Amino acid sequence: MISENKLLFVAVAIFGNVLPFNLISLSEIYVDSVVAATLIGTMPLFTVLISLFILKNQTVNFLNISGIIVGFIGMLIFINPSKFTNDSENFIFFLLIIFSAFSYGLSANIVKKITNYSPIEIATFTTILATIFSFPVLIFNTLNSQNFFFDILPNISIVSLASATILGVVCTGLAILIFFNLIKIRDAIFASQSNFLIPCFGTLWSFVFLDEILSHHMIYGLLLIVIGGWLVNSSAKK
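Residues numbered from 1 in each chain as written. Predicted model: local features only at pLDDT ≥ 70, side-chain atom pairs only at ≥ 80, totals over all residues. Heavy atoms only, no water.

**Student:** What am I meant to see in the side chain of Thr126 here?
**Tutor:** Mapped onto the elements, Thr126 comes out in helix H6 (residues 119–143). Of the polar contacts made by the side chain of Thr126, one reaches the backbone oxygen of Ile122; its length is 2.6 Å. Discounting chain neighbours no more than four positions away, the residues touching Thr126 are Phe9, Val12, Ala13, Asn17 and Phe180. (Helix = DSSP H or I, 4+ residues; strand = E, 2+ residues; numbered from the N terminus. Polar contact = N/O pair within 3.5 Å; in protein donor to acceptor, adjacent residues only side chain to side chain. Contact = heavy atoms within 4.5 Å.)

So, in structure tokens, the structure goes:
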């Protein structure tokens, strides 16, 4: 049991931290925060798919399938793939964010399988492991940036430092602890529904802080994503 839990800790660290954190950070250089937030918000759909068809922890019902279909249609409408036919580079970054959402869904299902550990222990151990696994990435990026210590590091602003601190303490540490508690109290599908709020708040904050534009197809897609989340959540209650 202990050795099985160790493997599960490693899996949560990789799929719940290392892969999505690095892929999303890279992708957001090329993708607007509204789009990134919406694509990350598809995580509950992947959580249901993994739970139903891979781990088979839940039974398939009409609301499950309806919510999945409606949510994915909303995602496609939101990103409007047709306008990226001549912009394959950005579309690749969209796919990276979608893969990150899949990784989050897989991680959420794995957390439920970890036994004999409290949520705070799971959050602490997996975050420490993720830090260790991410260290080679930091070294690689540092070695490939000749001016890192002389130009980049000294010019990091107070705003950037404060933003990174808030992301680490609130959006990572506190959020993971609350999320793992929800998984242990109920299940991964129930806990994952909170991620459907990411597109809503992502859209709000992008208008407030970044002056980004919201088009009609984004509004329609966002509405369908929220409806899909409500359907999935209703199936979980039943």
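Now that the structure has been shown, we can carry on.
**Student:** Which parts of the structure should I look at to understand H6?
**Tutor:** Residues lying three or four places apart along an α-helix face the same way, a consequence of the helix completing one turn every 3.6 residues. Its 25 residues place the ends of H6 36 Å apart at the C-alpha level, agreeing with the 36 Å of an ideal helix rising 1.5 Å per residue. For H6, every residue scored as buried is listed here: Pro119, Ile122, Ala123, Thr126, Ala130 and Thr142. (Expected span 1.5 Å × (residues − 1). Buried < 20%, exposed > 50% of the residue type's maximum accessible area, 1.4 Å probe, protein only.)

**Student:** Could you clarify how one ought to interpret the environment of Ala130 in this entry?
**Tutor:** Topologically, Ala130 is positioned in helix H6. Taking the relative accessible area as the measure of exposure, Ala130 reaches 7% and is therefore buried. C-alpha of Ala130 to C-alpha of Asn17: the two residues are 113 residues apart in sequence and 6.1 Å apart in space. When near neighbours in sequence (up to four residues on either side) are disregarded, Ala130 contacts Ala13, Asn17 and Val18.

**Student:** Even after reading the chapter, I still don't get a nonpolar patch on the surface, so can you show me in this structure?
**Tutor:** A surface patch of nonpolar side chains, about 720 Å² in accessible area, is lined by Phe53, Ile54, Ile65, Ile69, Ile73, Ile77, Ile219 and Tyr220. Residue assignment for the nonpolar patch shows that the elements contributing at least two residues are helix H3 (43–54), helix H4 (62–79) and helix H11 (216–237). Top contributing element to the nonpolar patch by residue count: H4, with 4 residues. Residue class for Ile219 comes out partly exposed when judged on its relative accessible area of 41%. (Patch = residues over 30% accessible without salt bridge, like charges linked within 9 Å, V, L, I, M, F, W, Y side chains within 5 Å. Areas by Shrake-Rupley, 256 points an atom, 1.4 Å probe, with all protein chains shown as cover. Salt bridge = Lys/Arg side-chain N within 4 Å of Asp/Glu carboxyl O.)

**Student:** In this structure, what is going on with H3? I would like to understand it.
**Tutor:** For H3, spanning 12 residues, the distance from its first C-alpha to its last is 15 Å, which sits close to the expected 16 Å at 1.5 Å a residue. With respect to burial, H3 is a largely interior element, 9 of its 12 residues being buried. By the burial criterion, the buried members of H3 are Met43, Pro44, Leu45, Phe46, Thr47, Val48, Ile50, Ser51 and Leu52.

**Student:** Can you walk me through the packing of aromatic side chains in this structure?
**Tutor:** The relative placement of two aromatic rings is captured by the distance of their centres and the angle of their planes. Tallying each qualifying case throughout the model produces 8 aromatic pairs. With a centroid separation of 6.3 Å and 45° between ring planes, the pair formed by Phe179 and Phe180 is classed as tilted. The two residues Phe179 and Phe180 agree in class, both being buried. Among the aromatic residues, those joined into a cluster by ring pairs are Phe9, Tyr117 and Phe125. (Phe/Tyr/Trp six-rings, centres within 6.5 Å; stacked < 30°, edge-to-face > 60°.)

**Student:** Would you explain the packing of H6 against helix H8 (residues 158–185) in this entry?
**Tutor:** The description of two helices packed together rests on the angle between their axes and the distance between the axes. Running from amino to carboxyl end, H6 crosses H8 at an angle of 130°, the nearest separation of the two axes being 8 Å. When the axes of H6 and H8 are compared, the pair comes out oblique. Seen from above, H6 lies across H8 with right-handed handedness. Of the residues in H8, those in contact with Pro119, Ile120, Ile122, Ala123, Thr126 and Thr127 of H6 are Ile176, Leu177, Phe180, Asn181 and Lys184. Of the residues assigned to the contact of H6 with H8, the class counts are 7 nonpolar, 3 polar and 1 charged. (Axes fitted to C-alpha atoms, helices over the stretch in contact; angles between N-to-C directions. Parallel < 35°, antiparallel > 145°, perpendicular 65-115°, else oblique. Left-handed = near helix turned anticlockwise from the far one by under 90°. Nonpolar A, V, L, I, M, F, W, Y, C, P; charged D, E, K, R; others polar.)

**Student:** Sorry, what's going on with the nonpolar core here?
**Tutor:** Generally speaking, nonpolar side chains in soluble globular proteins are found buried as a group. Counting residues in each nonpolar core, the largest one holds 37 residues, and the members touching the most others are Val31, Val35, Leu39, Phe179, Phe180 and Ile183. A per-element tally of this core places helix H5 (residues 88–113) first, with 10 residues. Excluding anything up to four places from it in sequence, Val31 contacts Ala36, Asn90, Phe93, Phe94 and Ile97. Ranked by size, the runner-up nonpolar core spans 6 residues in total, among them Leu45, Val48, Ile189 and Val232. (Core = buried A, V, L, I, M, F, W, Y, C linked by side-chain atoms within 4.5 Å.)

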